[in-house]
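# Remarks on the overall topology
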Amino acid sequence: MVEFRALQVANEQQSAYGLRYDDFARYRKHCANRTHRLRSSLKMTHGSKGKEFRKLPSLTEMDLEKVKEGHLQLLLLESERAWAYAQELTSLSLLPTNSAHSASLLHHATGRFRRAINWATQLLSLSQRLYTSHKLTAESLLECTAYLFLLNGRFLLSPPREDFESALPQLCITRMILDILALHAGNSRDQALAVLWSDQVGPMVRWCAHQMGREKAYDVDSIVREVSEQNVRNLVDNWDEVVETFKKEVEHQGLGSNVNKLGKLDESKLMWEGEPVPVRSPELVDVLLRVQNAEAKMTSSGGGKDGKATKGGQGGKRAVAAYDSVLAALSDAEEVARKLSESEAQKASSSSIPTFLKSSGGGGQVRDMHFVHTYIVYQLLSKRIQRDLLLVDALVGEANAAGAAGLKANKASISTAADPRLYPAIVKLLDSILQSLSQLRTLSIVDDNPDLSAAVDARIGFSKAKRCVTLARCYIVIPEDKKYAEALTLLQHATIHLREARLVLETLGSLDDGASTNDGVDEIGFYPLPREDLDILDQTINKEGSEYKRTWLEKGGAVIGEQDEGKGKKHKKPVFFNIALNYVDVDMALMEKLRERAGMAPKDSAHAASTATSILGQGSSKAIVAAPKASVPALGPRAKAAVMEGGMSRSGTPEPRELDGGKTAGATSRLGSLLGGWWGNS
């Protein structure tokens, strides 16, 4: 049995050697080199050897027992070589620089096109002989038949013939054969291969119907069904018998076997908004199969079930490791889809190649390839976000375990007992999550869905809030350098981001029962955001904000080591006293009452007045005015500070002395107003 797939071989050669970008010259040279190598390997070279000329042997008349797959490939590549040369000459004839001899170029192209059809006819003839001898499958015969009819249709449409009435039956029969191959394909790759060739035939059928003035020329399927049924039995030998044999072969192979199941894509996983994702390239099928196999392994190993970090983060680490193969497969799929999308866009925008020469399926195929590429990018970013979230859960699990142990041993806060390297690592992961979410938001399939885009915006706000909280802990976790002001500022930003996320989710109506109720939001399953997470983060912000404020007020930014008198470090005065004692008016009578309620002995008024007088300094121009209600003199700000501090000694700021001479005193007072009260002291 000879195994030969004409459409598969032609597609692989065209995609790899130039026709992805409609480079017919490169593809023609490749076919020439390939045919020379095949002739050498099959020992079918021809030409002069000494004085004897060896004629090229006929492949259609050779013994069937000696026919190999290489002989069929040789005929196919000879046909592809002649067809590529015809396309190259036709495209050259349409250039303005070749307008003088465009007729000769078209005449030459017609000759090469006829040569291609001749080689394809020999291929079909040899395939029919092999099929009759039961050495070739019906599927291979159908592919060779479709290839010949496609060449005939292209030849009849090329200038200067443009015989639409004769080309339409050829193209409709080709389309019907490809539809049968796609319908009964044993795996997803064969189905995508048939659909890929069918997409090339559809625009030509529509163009013929439009030029012939047929009604509903846009309905390609009905035109194919009508025209092919009228002409297929006249143009194809033993059509009914070949189709029945092909169906029996498919049933005999067994569509439910394990081999076919491994080659079948799970279409339920390739859905977007209830519609299947169009996969029309065999290359995409291969990479998507690897993606689904990696996801199946991840699910079977337990990596994709819940993704929760267990004690010590070990479960999270195993789940993170399971994502590596999936992300690698998705990266390969994204690269293949991007190249296919770029090539289709380039072919569609090329103005130097006429419409009937383009091998793409038109604007619809370009849109499909762009959509598939965007969908794969969405899946890649979603898996990356899910992996980063699992990493965060694993690190937080380790931090909670270490913090609980440190809390029991040292009775310190969790942030103090945690590793200083922990929170910067979490910040980097949150930065990666934000970057992936930002890229996700710019995708066209996300931007076109208002609910989905709003849900992504909510996740961005929530992630920013978590990042601010974690970054605030980075300023507190180092004992030698605590920065409470920066931490409190970050917590304020976190409150703003959290409020924005809550408002967006309330607008979507996804916070009613703690789960998503909108169809668009359901697609954010890789990043669930229930009400409990928002409430927990809000409570964390409030709790840590109060803790930071209380610690900052009590210690004034001093670290714990600075409060240890055994180390001989100086006490750092809180910032509060530097501000309040200079700007707050204190009622001394009220202070005396507070001292009495506290059980402290009241101070003598005369002692307070003498203390204030000594603080103000000698030679001061200010006088102490007695209070009207209590016999306690009204003190200045510096005296108030001295009285409130009690036993703490604080020297007052000296006042400028009054100089002799009005001129000098005036200049001094003006400078003193600019430079401060210390100006002019001796």
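Residues numbered from 1 in each chain as written. Predicted model: local features only at pLDDT ≥ 70, side-chain atom pairs only at ≥ 80, totals over all residues. Heavy atoms only, no water.

On to the overall build of the protein chain, then. Counting its secondary structure elements, the protein chain contains 24 helices and six strands. Looking at the protein chain as a whole, 45% of its 682 residues are labelled buried. Counting only carbon and sulfur atoms, one obtains 52% of the accessible surface of the protein chain, whose full area is about 36500 Å². (Helix = DSSP H or I, 4+ residues; strand = E, 2+ residues; numbered from the N terminus. Buried < 20%, exposed > 50% of the residue type's maximum accessible area, 1.4 Å probe, protein only. Areas by Shrake-Rupley, 256 points an atom, 1.4 Å probe, with all protein chains shown as cover.)

With respect to the secondary-structure elements, Leu89 resides in helix H3 (residues 69-93). Here Leu89 falls in the buried class, since its relative accessible area comes to 6%. Along the primary structure Leu89 and His107 are separated by 18 residues, whereas in three dimensions their C-alpha atoms are 9.2 Å apart. Residues within four places of Leu89 in sequence aside, it is in contact with Leu105, His108, Ala109 and Arg112. (Contact = heavy atoms within 4.5 Å.)

Moving on: unusual backbone geometry. Pro160 follows Pro159 through a cis peptide bond whose omega is 5 degrees. Assignment of secondary structure puts Pro160 in the loop between helix H5 (138-157) and helix H6 (164-183). A positive phi angle, near 55 degrees, is found at Lys216, a position not held by glycine. Phi angles above zero are rare outside glycine, and Glu273 is one such case at about 55 degrees. By the element assignment, Glu273 lies in the loop between strand S3 (271-272) and strand S4 (275-276).

The next subject is the nonpolar core. Membership of the largest hydrophobic core comes to 83 residues, with the highest contact counts inside it found for Leu284, Tyr378 and Tyr527. If you list the elements that add at least two residues to this core, you get helix H11 (282-300), helix H12 (314-349), helix H13 (363-410), helix H15 (422-441), helix H16 (444-447), helix H17 (450-476), helix H18 (484-508) and helix H19 (531-555). No other element matches the 13 residues that H17 contributes to this core. Core analysis: the next-biggest nonpolar cluster, separate from the first, contains 82 residues, Val2, Val9, Phe149 and Cys208 among them. (Core = buried A, V, L, I, M, F, W, Y, C linked by side-chain atoms within 4.5 Å.)

Moving on, we come to the packing of aromatic side chains. Tallied over the full model, the rule gives seven aromatic pairs. Where Phe24 meets Trp83, the ring centres are 6.0 Å apart and the plane angle is 85 degrees; that geometry is what we call edge-to-face. Separated by 59 residues along the polypeptide, Phe24 in helix H2 (residues 24-42) and Trp83 in helix H3 bring together distant segments of the chain. Linked through ring pairs, Trp272, Tyr375, Tyr378 and Phe526 together constitute an aromatic cluster. (Phe/Tyr/Trp six-rings, centres within 6.5 Å; stacked < 30°, edge-to-face > 60°.)

Here helix H7 (residues 188-211) spans 35 Å end to end across 24 residues, near enough to the 34 Å set by a 1.5 Å rise per residue. At the N-terminal end of H7, a side-chain oxygen is found 3.2 Å from the backbone nitrogen of Arg189, two or three residues along, and the residue is Asn187. Positive backbone phi, at 75 degrees, marks Gly213, one or two positions downstream of H7. (Expected span 1.5 Å × (residues − 1). Polar contact = N/O pair within 3.5 Å; in protein donor to acceptor, adjacent residues only side chain to side chain.)

Looking now at the packing of helix H1 (residues 6-16) against H2. Interhelical geometry of H1 versus H2 gives an angle of 125 degrees and a closest axis separation of 9 Å. In terms of their interaxial angle, H1 and H2 are classed as oblique. When the axes of H1 and H2 are compared, the crossing they make is right-handed. Packed against H1, whose contacting residues are Ala10, Gln13, Gln14 and Ala16, the element H2 presents Arg26, Tyr27 and His30 at the interface. (Axes fitted to C-alpha atoms, helices over the stretch in contact; angles between N-to-C directions. Parallel < 35°, antiparallel > 145°, perpendicular 65-115°, else oblique. Left-handed = near helix turned anticlockwise from the far one by under 90°.)

Turning our eyes to something else, we now look at the pattern of salt bridges. Scanning the model with the defined rule gives 24 salt bridges in all. Salt-bridge contacts for Arg39 lead to Glu78; the nearest nitrogen and oxygen are separated by 3.1 Å. Placement of the pair is Arg39 in helix H2 and Glu78 in helix H3, with a sequence separation of 39 residues. We classify Arg39 as buried; its relative accessible area is 7%. For Arg338, the salt bridge identified is with Glu334, shortest N-O distance 3.8 Å. Here Glu334 and Arg338 lie together in helix H12, a separation of four residues that amounts to about one turn. On the basis of relative accessible area, Arg338 is assigned to the partly exposed category, the value being 31%. One salt-bridge network, in which partners are shared between bridges, spans Arg5, Glu139, Glu143 and Asp190. (Salt bridge = Lys/Arg side-chain N within 4 Å of Asp/Glu carboxyl O.)

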